[in-house]
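Here is how the chains run, residue by residue.
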Amino acid sequence: MSGQLDDAGKLKHLLTLEGMPRSVLEALLKRADALATHAHGGNGMRGVLHGKAVCTLFFEASTRTRCSFSLAAQRLGADLLNFDASTASTTKGETDVDTLKTLEAMGVHGFIVRHKMDGAVAALARAALPGTVLINAGDGRSNHPTQGLLDMLTLQQAKGPDFSAMKVLIVGDVKHSRVARSDLHALHALRTGEVRVCGPASLLPGGDTLRGCMVGDDLDAMLDGVDAVMMLRLQRERMVEGLITSLEDYHRDFGLTKARLQHAAPDAIVMHPGPMNRGIEITDDVADGPQSRVLQQVANGVAVRMAVLETLLG
Ligand code: CP
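Source: prediction; values computed, not measured.

Analysis parameters
- Numbers given to residues run from 1 along each chain, matching the order in which its sequence is written.
- Given that the model is predicted, a residue must reach a pLDDT of at least 70 before its local features are reported, and side-chain atom pairs must reach 80 or more before they are shown or counted; all residues, however, enter totals for whole chains, interfaces and linings.
- Heavy atoms throughout the structure, all of them, feed into the side-chain values; hydrogens and water do not.
- Residues are labelled near a given molecule or strand when at least one of their non-hydrogen atoms is within 4 Å of it.
- For the purposes of these results, a polar contact is taken to be a pair of N or O atoms within 3.5 Å, where, inside protein, one atom must be able to donate a hydrogen and its partner to accept one; residues adjacent in sequence count only when each atom of the pair is a side-chain atom.
- Computed by Shrake-Rupley with a 1.4 Å probe, the accessible areas treat only the displayed protein chains as cover when residues are assessed.
- Classes in brief: Ala, Val, Leu, Ile, Met, Phe, Trp, Tyr, Cys and Pro nonpolar; Asp, Glu, Lys and Arg charged; the others, Gly included, polar.
- By convention here, the domain bounds are inherited from an automatic or database domain assignment.
- Note on definitions: a residue-residue contact is assigned when non-hydrogen atoms from the two residues lie within 4.5 Å.
- In short, buried area is how much 1.4 Å probe accessible area vanishes from two parts on joining, totalled over both.
- What counts as a salt bridge is simple: a side-chain nitrogen of Lys or Arg found within 4 Å of a carboxyl oxygen of Asp or Glu.
- Counting from the N terminus, the helices are DSSP H or I runs at least four residues long and the strands are E runs at least two residues long.
- Only buried Ala, Val, Leu, Ile, Met, Phe, Trp, Tyr and Cys residues count toward a nonpolar core, and they belong to the same one when joined by side-chain atoms within 4.5 Å.
- Throughout this description, buried means an accessible area under 20% of the type-specific maximum (1.4 Å probe, protein chains only), exposed means over 50%, and partly exposed covers the range between.

Digging into the site of the ligand
Then step 1. Taken together, Ser62, Thr63, Arg64, Thr65, Arg114, His144, Gln147, Pro273 and Gly274 make up the full set of residues near the ligand.
Then step 2. Within the side chain of histidine 144, an N or O atom sits 2.9 Å from an oxygen atom of the ligand.
Then step 3. When the free accessible area of the ligand is taken as 250 Å², the share hidden by the protein chains comes to 91%.
Then step 4. Along the lines of polarity and charge, the residues of the shell around the ligand split into one nonpolar, six polar and two charged.
Then step 5. Residue-level mapping places the shell around the ligand at the junction of two domains, with at least three residues from each of domain 1 (22-143 + 299-313) and domain 2 (145-293).

Set out below in structure tokens:
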């Protein structure tokens, strides 16, 4: 197992949504929803992490996750350190574990870690002192649990709490997407009525990842009647050559356009974790259109990350 629950079934780290009990997931979503008003200002929550030191330890680029975790930690009153791998002693060869140990020795209680290697955050959790908290802010193509949580909160706000009544479609580069994996873990845990996945065969993962999903490569057909469309970024930085024939072909077959969106339910919402490749997986008029919830997802990121920090460190 992931090692993120203690013997009493309480979260001690947040490493993955895979295997997370539904009750734990629902409790985090409920708390995030309640915190949404505090996520955008005010001083009412600043006592929660007073005296606790939290570090964003990012070995890979980020805008949304890093900034929203930083804001969330500040709104809860934590002392916040931002570690920048490009200017740190990792550039002199210091290992990830030595970096963690060094910051732990300074009294850091919580680490929010992004890493390009699958399993890197879980490995740091195993190396940490008892009581130190590790939060996975995205590792390789494996997990992005807080993105999964904020996506579920966004779905719930738009469609109500009954996931069994929802048809949700995930489109694009699932193979390289930690967001898709965390979304799939959460959608299954919440017993979503129908989960569909659409993409070129070269960008769909094998193994058990798509178990329980309806899978296809005809986007118009897969869009039929869905309540939510979750578009994925084409992750060119993680791709080997030849997985797609060209960006033009990809856009023609798997890009979400205003015309295509007509196949979905009339009140369907459109989501994208960002950053978006505009004109490739999504057109401007859809990304900025009335059905888009892209900026709502970003806003929910602060509330979800406050709930996670409060639960683990408060
Ligand atoms: N969605 C997401 O993880 O975005 P960032 O890479 O900007 O954090």
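What about the domain arrangement of the chain?
Then step 1. Domain boundaries assigned for the chain yield domain 1 (22-143 + 299-313) and domain 2 (145-293).
Then step 2. The centre of domain 1, based on its C-alpha atoms, is set 26 Å off from the matching centre of domain 2.
Then step 3. Each partner contributes to the interface: domain 1 provides 25 residues, whereas domain 2 provides 25 residues.
Then step 4. Together domain 1 and domain 2 conceal approximately 2100 Å² of surface at their shared face, both sides included; 57% is due to carbon and sulfur atoms.
Then step 5. When residues of domain 1 are sorted by the area they lose upon contact with domain 2, Arg22, Leu29 and Arg141 head the list and together hold 31% of the total.
Then step 6. Seen at the junction of domain 1 and domain 2, the total is one salt bridge.
Then step 7. Here glutamate 60 and arginine 178 are joined by a salt bridge, their closest N and O atoms 2.9 Å apart.
Then step 8. At the junction of domain 1 and domain 2, the tally comes to seven residue pairs in polar contact (both at pLDDT 80 or more).
Then step 9. Of all elements in the fold, only α1 (22-35), α2 (64-75), β3 (110-115), β4 (133-139) and α11 (294-313) reach the threshold of two or more residues within the side of domain 1 that touches domain 2.

Observations concerning the nonpolar core
Then step 1. Counting residues in each nonpolar core, the largest one holds 58 residues, and the members touching the most others are Ile135, Leu149, Met152, Leu155, Ile170, Leu187 and Leu309.
Then step 2. Each of domain 1 (22-143 + 299-313) and domain 2 (145-293) contributes no fewer than three residues to this core.
Then step 3. Formed by 26 residues, the second largest nonpolar core is a distinct cluster that contains Leu203, Met222, Leu261 and Val286.

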